[in-house]
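Take a look at the letters that make up each chain.
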Amino acid sequence: MFGMAHRGRLNALHCVFEKPAQQIFREFLEKSRDGDSEQNEFAGDVKYHLGYCQKRKFGDKEVVMQILANPSHLEAVNPLVYGTTRALQEMKNSKNKVLGVVIHGDAAIAGQGVVYESI
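Values in this document were obtained by computation on a predicted structure and should not be read as measured data.

Criteria and cut-off values
Residues numbered from 1 in each chain as written. Predicted model: local features only at pLDDT ≥ 70, side-chain atom pairs only at ≥ 80, totals over all residues. Heavy atoms only, no water. Phe/Tyr/Trp six-rings, centres within 6.5 Å; stacked < 30°, edge-to-face > 60°. Helix = DSSP H or I, 4+ residues; strand = E, 2+ residues; numbered from the N terminus. Axes fitted to C-alpha atoms, helices over the stretch in contact; angles between N-to-C directions. Contact = heavy atoms within 4.5 Å. Buried < 20%, exposed > 50% of the residue type's maximum accessible area, 1.4 Å probe, protein only.

(A) Up close: the packing of aromatic side chains. Scanning all chains against the criterion turns up 1 aromatic pair. With a centroid separation of 5.2 Å and 85 degrees between ring planes, the pair formed by phenylalanine 2 and phenylalanine 17 is classed as edge-to-face. Highlighted residues: phenylalanine 2 in strand 1 (residues 2-4) and phenylalanine 17 in the loop between helix 1 (9-16) and helix 2 (21-29), separated in sequence by 15 residues.

Rendered as structure tokens:
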């Protein structure tokens, strides 16, 4: 489980998660997610906050990598990564099978807010 804010997210989606560039650009060109041609605005959060899941092979092991959708702005995804990771660890009855990774941006850690409280 990966979580990160917007800075560098498009690069991570394409280079790390191998999301095709054509798919990323197509999502930016779409006006709405529900196919309603009368609606001229995107029906959700900004497009680069969308999540993605990809199976990758590392040696002889297949790893499912997922970057969670960022529900808001900046580091709001942090508690989602922690909760999703913990839930999957409980479901698999193993803390060695699921790893949560939070890629922190340039927001301050020492202070109040979701980053400080998540740590």
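Back to the text.
(B) Structural view of the packing of helix 1 against helix 2. Look at helix 1 against helix 2: their axes get within 9 Å of each other, and the N-to-C directions meet at 145 degrees. Contacts between helix 1 and helix 2 involve Leu10, Leu13 and His14 on the former and, on the latter, Ala21, Ile24 and Phe28.

(C) Summary view of the environment of phenylalanine 58. As for its placement among the helices and strands, phenylalanine 58 is situated in strand 2 (residues 52-58). Those residues in contact with phenylalanine 58 that sit more than four places away from it in its chain are Val63 and Met65.

(D) Focus on the side chain of lysine 19. In this structure, lysine 19 sits in the loop between helix 1 and helix 2. The exposure class assigned to lysine 19 is buried, which follows from its relative accessible area of 1%. The contact partners of lysine 19, leaving out residues within four places of it in the chain, are Leu13, His14, Ile24, Glu27, Gly51 and Tyr52.

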